[in-house]
Amino acid sequence: MTQQNSARTKTADISREKSAQLFEKAKQYFPGGVNSPVRAFKSVYGTPLFIERGDKAHIWDADENEFIDFCCSWGPLILGHNNDQIREAVTAQLSKGLSFGAPTALENELAELIISNNRFIEKIRFVSSGTEAVMSAIRLARGYTKRDKIVKFEGCYHGHSDSLLVKAGSGLVTFGETSSAGVPKAFADETIVIALNDKEALTAVFDQFKDQIAAVIIEGVPANNGLLLQTKEYIHYLREITTQNGALLIFDEVITGFRLGFEGAAAYYDVQPDIITYGKIIGGGMPVGAYGASKELMSCISPDGSVYQAGTLSGNPVAMAAGIATCKVLTQPDFYKNLNAKTELFVSEIRNYIEEKNYEVKIFTIASIFWFAFTDQEAILKASEIDPNSMELYKLMHRELLNRGIYFGPSGYEVGFISHAHTNEDLITAKQHIFAALDLVFG
Ligand SMILES: *Cc1c(COP(=O)(O)O)cnc(C)c1O
């Protein structure tokens, strides 16, 4: 703690010399110097930090700055960095081989761990990323229903497959406009984008496109564009209206799966989706995605059925070993109860501080996810309610937190994650620095 500092004086910038050098070099090789856009730190101050290692809730960058990490690789690291069980499982597998392109017992083991602890899917298919899982789920929905159109929500991210790189036009129910160059207009025409938390829009979409909609896809809890907590009532209505219209409901649980609880958002809402996609946590930090559904639906997938989907590295043994080690910890009694309680305490103390100081910022939370919204609104349920100008305040907070050794994702639209590895001491330290950063922002 830097209590001797005046609360309203910006903390001196940490050295980013080595990171800056590495970034210069990276720019020669990669577009924007990165292999995934948000890593370029375009929405916050300074050069991106190049991370060298992580242990538990801590990471160290190339300049040897240490941080308490709340990004957690964007969600996968629910057990923190360098977890003993995962490391041992991965190391043991390494000496046996990295990949065979043939079935292994490890795939059975991970599938059994998941399916025997999840009431919402009967069969699963492993892929290598969340994007791939969602892309395959959409194909399955279209193949099964023999319909082409899909409905998505403004403010939900589902990876970067063509059908889903669309954003809303103006109006209640609109065909998507492509949100990336290179997506054919014809693809966007098959995707309808509506606002979250809007029953009227849902009703209108099914009136207008009766018998054409293959599926509606929603994030278990929208957490890629702020944390847009939906009401249970709305989600139940979504289930009802899709069923009535013979459309499938896809829960994209790439973030919420194994995060809201082992059974994710489906159990949280007590809703049975038709298809569920997973990613992030399921591979314990290795590249794994998956989609699951009933036996009947999954029988449409090749080689049983006519919906083609394959992968050279699908079910990769090293990745499966990491997933198994992770799921074994997650299925221990009280795992989620403890993690969520830890988060609730952290969040409520920050909330109390904000209220005491009357700062115009909110901290929204569910399970071990949290999000700072610089707003005076009591709730934010849809993307259009986020004020883009408020991101300037996030930038200030982000820089101050980095300088104080607290690592948040480099964009105010991104949520924070708390892991099993965050100790009470980590959270107390982080909280003090967050208070000071808020004092600076609002000072
Ligand atoms: C991260 C994410 C994806 C994409 O997963 P990748 O592994 O990055 O391809 C899809 N859907 C949701 C909800 C996500 O959070």
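Every chain is numbered on its own, with residues counted from 1 as its sequence reads. Side-chain atom pairs in this predicted model are given and counted only at pLDDT of 80 or more, local residue features only at pLDDT of at least 70, and totals for whole chains, interfaces and linings cover all residues. Side-chain numbers come from the whole structure's heavy atoms, not from hydrogens or water.

Draft legend 1. Quick peek at the site of the ligand. Nearness is defined per residue: one heavy atom within 4 Å of the molecule or strand is enough. Every residue close to the ligand is listed here: Ser-129, Gly-130, Thr-131, Tyr-157, His-158, Gly-159, Glu-219, Asn-224, Asp-252, Val-254, Ile-255 and Lys-280. Two N or O atoms form a polar contact when they lie within 3.5 Å of each other; inside protein one atom must be a possible hydrogen donor and the other a possible acceptor, and for residues adjacent in sequence the pair counts only when both atoms belong to side chains. Within the side chain of Asn-224, an N or O atom sits 2.8 Å from an oxygen atom of the ligand. Between Lys-280 and the ligand, the recorded distance is 2.6 Å, taken from a side-chain N or O atom to an oxygen atom. Protein chains bury 83% of the 380 Å² of accessible surface belonging to the ligand in isolation. Among the residues making up the shell around the ligand, the classes are represented as three nonpolar, six polar and three charged. Each accessible area is a Shrake-Rupley estimate made with a 1.4 Å probe; only the visible protein chains count as cover when residues are assessed. Side-chain classes follow a simple rule in which Ala, Val, Leu, Ile, Met, Phe, Trp, Tyr, Cys and Pro form the nonpolar group, Asp, Glu, Lys and Arg form the charged group, and the remainder, Gly included, forms the polar group.

Draft legend 2. Broad picture of the confidence of the model for the protein. The pLDDT value expresses, per residue, how confident the predictor is, ranging between 0 and 100. In this model, the protein carries a mean pLDDT of 96, and residues with pLDDT of at least 70 account for 98%. Residues are treated as being in contact if the distance between any of their heavy atoms lies within 4.5 Å. Here residues 1-5 is a poorly scored stretch, pLDDT under 50, and it has four contacts once near neighbours within four places are set aside; other chains count.

Draft legend 3. Spotlight on the domain arrangement of the protein. Where a domain begins and ends is set by an automatic assignment or by a domain database. Domain annotation for the protein reports domain 1 (3-69 + 334-442) and domain 2 (84-330). On a C-alpha basis, the centres of domain 1 and domain 2 stand 27 Å from each other. Listed by partner, the interface residues are 19 residues for domain 1 and 25 residues for domain 2. Carbon and sulfur atoms make up 65% of the area that domain 1 and domain 2 hide from each other, which totals about 2,000 Å². When two parts are brought into contact, each loses some accessible area as probed by a 1.4 Å sphere; the total of that loss over both is the buried area.

Draft legend 4. Local environment of the UniProt feature "modified residue: N6-(pyridoxal phosphate)lysine" (unreviewed entry) in the protein. UniProt positions are given in the numbering used here, feature names are shortened, and annotations may be inferred rather than shown by experiment. UniProt records the feature "modified residue: N6-(pyridoxal phosphate)lysine" (unreviewed entry) for Lys-280 in the present numbering. Throughout, exposure labels follow a simple rule: accessible area from a 1.4 Å probe, protein chains only, divided by the maximum for the residue type, with under 20% read as buried, over 50% as exposed, and the rest as partly exposed. With a relative accessible area of 24%, Lys-280 lands in the partly exposed category. For Lys-280, the residues in contact, after removing those within four places along its chain, are Trp-74, Pro-76, Val-254, Ile-255, Gly-285 and Val-288.

Draft legend 5. Just the packing of helix 6 (residues 199-208) against helix 7 (residues 232-244), in detail. The geometry of helix 6 relative to helix 7 is characterised by a closest axis approach of 11 Å and an angle of 10° between their N-to-C directions. Relative to helix 7, the element helix 6 lies roughly parallel. Listed contacts from helix 7 to Lys-199, Leu-202, Thr-203 and Phe-206 of helix 6 are Glu-233, Tyr-234, Tyr-237, Leu-238, Ile-241 and Thr-242. Tallied by class, residues from the contact of helix 6 with helix 7 come to six nonpolar, two polar and two charged. With axes taken as lines fitted to C-alpha atoms, and helix axes fitted only over the stretch in contact, angles between N-to-C directions fall between 0 and 180 degrees. Runs of E in the DSSP output that reach at least two residues are strands. Runs of H or I that reach at least four are helices, and both are numbered from the N terminus. Each angle is binned into one of four classes, with values under 35 degrees roughly parallel, values over 145 roughly antiparallel, values of 65 to 115 roughly perpendicular, and all other values oblique.

Draft legend 6. Spotlight on the environment of Ala-367. Inspection of the secondary structure assignment puts Ala-367 in the loop between strand 14 (362-366) and strand 15 (369-373). In sequence terms Ala-367 and Tyr-336 are 31 residues apart; their C-alpha atoms lie 8.0 Å from each other. Residues within four places of Ala-367 in sequence aside, it is in contact with Arg-259, Leu-260, Asn-340 and Thr-343.

Draft legend 7. Region of the structure containing the sheet that holds strand 15. Should DSSP find at least two bridges between two strands, the strands are taken to pair. An order of 14-15-17 is seen for the three strands of this open sheet, with the pairing classed as antiparallel. In the strand order of this sheet, the two ends are held by strand 14 and strand 17 (416-417), each with one partner. Where strand 14 and strand 15 come together, five bridges link them in antiparallel fashion. Opposite Ile-366, over in strand 15, you have Ile-369 as the bridge partner.

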